[in-house]
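Understanding the architecture of this molecule
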Amino acid sequence: MELVPVGVIHSPYRVPGEAPHQGRFSDQTAELEIYPQFMEGLKDVEHATHLIVLYWCHLARRDTLQTRTPFGPEIRGVFACRSPSRPNPIAFCVAELLEVKENRLLVRGVDALDGSPLIDIKPYSSDVDSV
């Protein structure tokens, strides 16, 4: 298996601990920079109000299988929580799309650290993505 980053996330969060536990509770903006070779994939992205952002937690530990969450003292398995530290530190958030400028998307609601590799973006659909 091979993952190829389609871009990079520029966010105000520089180190773990600065980012919110969930991006949707933050009013901070971030920029999703799409690499030039993937720009054609942005056609019509401005029609979305929100995006599912998939990214790689590049500073997370990959040897963690159990952890404490910020919500209580219990130890939980990483597959039962949203910890960034996990065997494959893939994260996602739903971000509000604010503006599109060529290969740069200004969004609100991302909890990624600055420099996180962007794996993919998809338009959010409440009809499909909300249970």
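Report on the accompanying structure. In this text, all values refer to a predicted model and were calculated from it rather than measured experimentally. (Residues numbered from 1 in each chain as written. Predicted model: local features only at pLDDT ≥ 70, side-chain atom pairs only at ≥ 80, totals over all residues. Heavy atoms only, no water.)

1. Here's the deal with the overall build of the protein chain
- Scanning the protein chain from N- to C-terminus turns up one helix and eight strands.
- Sequence-ordered secondary structure for the protein chain, helices as α and strands as β, is β-β-β-β-β-β-β-β-α.
- Relative to the 2.2 N^0.38 estimate, which gives 14 Å for 131 residues, the radius of gyration of the protein chain is 15 Å and therefore close to what a compact globule would have.
- Each of the three principal axes of the protein chain carries a C-alpha extent, and together these read 45 × 30 × 30 Å.
- Scored against the burial criterion, the 131 residues of the protein chain give a buried share of 37%.
- Sequence separation of 24 or more characterises 73% of the internal contacts of the protein chain that already satisfy a separation of 6 or more.
- On the protein chain, roughly 8500 Å² of surface is accessible, and the fraction owed to carbon and sulfur atoms is 52%.
- Averaging the coordinates of the 13 positive side-chain charges in the protein chain and doing the same for the 18 negative ones gives two points 8 Å apart. (Helix = DSSP H or I, 4+ residues; strand = E, 2+ residues; numbered from the N terminus. Rg over C-alpha atoms; globule rule 2.2 N^0.38 Å. Buried < 20%, exposed > 50% of the residue type's maximum accessible area, 1.4 Å probe, protein only. Contact = heavy atoms within 4.5 Å. Areas by Shrake-Rupley, 256 points an atom, 1.4 Å probe, with all protein chains shown as cover. Lys, Arg positive; Asp, Glu negative; His and termini not counted. Charge placed at Lys NZ, Arg CZ, Asp CG, Glu CD.)

2. Things to note about the environment of Gly115
- On the secondary structure map, Gly115 appears in the loop between strand E7 (104-108) and strand E8 (117-123).
- Judged by relative accessible area, which is 31%, Gly115 ranks as partly exposed.
- Counting along the chain gives 56 residues from Gly115 to Leu59, while the straight-line C-alpha distance between them is 9.8 Å.
- In this structure, Gly115 is in contact with Val8, Ile9 and His58, ignoring residues within four places of it in sequence.

3. Some details on the nonpolar core
- Grouped together as the largest cluster of nonpolar side chains are 23 residues, with contacts concentrated most on Leu51, Val53, Leu105, Val107 and Ile121.
- Per-element accounting of this core gives the leading share, four residues, to strand E6 (residues 90-101).
- Filtering out sequence-adjacent residues up to four positions away, Val107 remains in contact with Gln28, Thr29, Ala30, Leu32, Leu51, Ala95, Glu96, Leu97 and Leu98. (Core = buried A, V, L, I, M, F, W, Y, C linked by side-chain atoms within 4.5 Å.)

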